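Notes for the structure review
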Amino acid sequence: MTRSLRSILPALLALAFAPPAWTPTHAPAPTARTRTYYLAADEVTWDYVPGGQDAIAGHPYVDSAFFAKAPPQVVSTTYHKVLYREYTDSSFTTLKPRPPEWAHLGFLGPVIRAVVGDTIRVVFRNNAHRPYSVHPHGVFYDKNSEGAPYSDGVSAANKTGDSVPPAATHVYVWPVPARAGPGPMDGSSVMWMYHSHVDEVRDINSGLFGAMIITARSKARTDGSPNDVDREIVATFAQVHEEDSWLASENLPSPDSIQHLQPIPSPSERQASYPWFVKFTINGFTRGSMPLSSLTLRRGQRVRWYLMSSTNDFDVHAPHWHGNTTLIAGMRTDVAVLSFMGMTIADMQPDNLGTWLFHCHVSFHNAAGMAVRYLVTP
Ligand SMILES: [Cu+2]
């Protein structure tokens, strides 16, 4: 063997026994791109208790359980609402089917997903009868993509996204910088909400809100989902005030009958007269009406729960899982804390088989139906 061959032999051997250069040790992080979503505000009917069963108690649904001091009343569970719905393209003719793993989203808009470094583009069509918008939390936006009208020194022509009239379309552009992605103490993904903000309270009570999930680039699959999570769930704890919806006049009975339903005889009985048209929901489901099939997990799965709340008085919640525990910011718990429009992430690896309660631990929220069930299978 020549001296020169001897000198390069170790390198040759290393090459011969090294894994091929193209063998990936991890799936490569996806390259940055623009992710376009076609989102419409549609007026649709939503039933808070499809099937009419109180799945928690195991008997037909009765709306009066919380209002024990008031005489039993029949209050409709069905309301005309304005919801964000996803379409396949800019023609807004074909609804994008919601995949089974997101069936639990209920009345929420679709999950908008992106990876740090991407740009989100939301083509928003207002199919409803008054102006609405899409206001995102967390991601970067200029004034034309903020979706919230207020006095900010910007001309109306340069902030047309603040209030999109009926039948109009607006394109929101939201870059996703590092500060919109996971922070030092976060896991591989974070959640932000998006909602209409022309009249924040009435728009949200009408139904216009949803969730965005942003994944760290080094932890993202090609579809943008976090590669160390097997199952993602979004759960919004919302006390929906139907009397504050823009569609209240067509949903609610006449003022006379509302008065009949809400006697306010004295301050001491105020709790008993709490408005009848408030729905205590998780994703628009109340008293266990979220189908169990939509919240079915497997033992050992790495499950990420993205929790958020809504904007009304008393929209402070204590999501509690029976049967399994979670990690929130690295700390073990089975009760999360949500303040108004709060967002929290809990990671669970279920080890306990069976059907389990998932409910708000605020006593009157729980009593009024803010509860669903989840199933852990082998
Ligand atoms: Cu609650």
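1. Digging into the layout of surface pockets
Taken as a whole, the largest pocket spans an internal volume of roughly 720 Å³. What lines the largest pocket is a set of 33 residues, among which Arg98, Pro99, Trp102, Leu105 and Pro110 lie closest to the centre. Those elements giving two or more residues to the lining of the largest pocket turn out to be β1 (34-47), β4 (78-87) and β11 (231-241). Broken down by element, the residue count for the lining of the largest pocket peaks at five residues, all from β1. Looking at the lining of the largest pocket residue by residue, the class counts come to 18 nonpolar, four polar and 11 charged.

2. Looking at the sheet that holds β4
Taken together, the four strands give an open sheet; going across it, the order is β4-β1-β6-β8, and neighbouring strands pair in mixed fashion. Where the open sheet ends on each side, the last strands, each with one partner, are β4 and β8 (169-175). Each strand of the sheet is rotated relative to its neighbour by a mean of 25°, with strand direction disregarded. In terms of strand pairing, β1 meets strand β6 (residues 119-126) through eight bridges, oriented parallel. Considered in β6, the bridge of Tyr37 is made with Val122.

3. Brief notes about the coordination of the copper ion
Listed as protein donors to the copper ion are His317 (ND1), Cys360 (SG) and His365 (ND1); their distances from the metal cover 1.9 to 2.1 Å. The motif formed by the donor residues of the copper ion, counted along the single chain, is H-x42-C-x4-H. Residue classification places Cys360 among the buried positions, given a relative accessible area of 0%. Among the residues examined, His365 registers a relative accessible area of 0% and is labelled buried.

4. Some points on the confidence of the model for the chain
When the pLDDT values of the chain are averaged, the result is 88; 84% of them are 70 or greater. Taken together, the stretch residues 18-25 has pLDDT below 50 and engages in zero contacts with residues farther than four places along the chain or on a different chain. Across residues 259-273 the pLDDT falls below 50, and counting only partners more than four positions away or on other chains, this stretch makes 17 contacts in the model.

5. With respect to the packing of aromatic side chains
According to the stated counting rule, one finds 18 aromatic pairs in the structure shown. Taken together, a centroid distance of 6.2 Å and an interplanar angle of 80° make the contact between Tyr38 and Phe92 edge-to-face. Placement of Tyr38 in strand β1 and of Phe92 in the loop between β4 and β5 (112-115) is noted, with a sequence separation of 54 residues between them. Members of the aromatic cluster, each reached through a chain of ring pairs, are Trp46, Tyr48, Tyr79, Phe107, Phe209 and Phe285.

6. Here's the deal with the pattern of salt bridges
Counted according to the given criterion, the structure contains 13 salt bridges. Salt-bridge contacts for Arg287 lead to Asp54; the nearest nitrogen and oxygen are separated by 4.0 Å. Of this pair, Arg287 sits in the loop between β12 (278-282) and β13 (296-298) while Asp54 sits in strand β2 (residues 53-54), placing them 233 residues apart in sequence. Pair check on accessibility: Arg287 and Asp54 agree, each one buried. A salt bridge links Lys96 to Glu86; the nearest nitrogen and oxygen atoms lie 3.7 Å apart. Of this pair, Lys96 sits in the loop between β4 and β5 while Glu86 sits in strand β4, placing them 10 residues apart in sequence. Given the relative accessible area of 45%, Lys96 is considered partly exposed. On the basis of relative accessibility, which here comes to 15%, the residue Glu86 falls in the buried class. If you follow the salt bridges from partner to partner, you end up with Lys143, Glu146, Asp152, Lys159 and Asp162 in one network.

7. Some points on the sheet that holds strand β19 (residues 354-360)
Within a sheet, adjacent strands bond to each other through the backbone by hydrogen bonds, running parallel or antiparallel. Within the open sheet, the four strands sit side by side as β13-β20-β19-β15. Their pairing is mixed. Two strands close off the open sheet at either side, each with one partner strand: β13 and β15 (319-321). The sheet shows a mean angle of 25° between the axes of neighbouring strands, taken without regard to direction. Taken together, the six bridges between β19 and strand β20 (residues 371-377) define a ladder with antiparallel strand orientation. From the neighbouring strand, Phe358 faces β20, where its bridge partner is Val372.

About the cut-offs
Residues numbered from 1 in each chain as written. Predicted model: local features only at pLDDT ≥ 70, side-chain atom pairs only at ≥ 80, totals over all residues. Heavy atoms only, no water. 1 Å grid on protein atoms, 1.4 Å probe; cavity = no way out; pocket = protein on both sides within 12 Å on 5 of 7 lines; lining within 4 Å. Points joined across faces, edges and corners; volume = space filled by probe spheres on them. Helix = DSSP H or I, 4+ residues; strand = E, 2+ residues; numbered from the N terminus. Nonpolar A, V, L, I, M, F, W, Y, C, P; charged D, E, K, R; others polar. Pairing = 2+ DSSP bridges. Axes fitted to C-alpha atoms, helices over the stretch in contact; angles between N-to-C directions. Donors = N, O, S within 2.8 Å, 3.2 Å for Na, K, Ca; no water. Buried < 20%, exposed > 50% of the residue type's maximum accessible area, 1.4 Å probe, protein only. pLDDT = per-residue confidence, 0-100. Contact = heavy atoms within 4.5 Å. Phe/Tyr/Trp six-rings, centres within 6.5 Å; stacked < 30°, edge-to-face > 60°. Salt bridge = Lys/Arg side-chain N within 4 Å of Asp/Glu carboxyl O.

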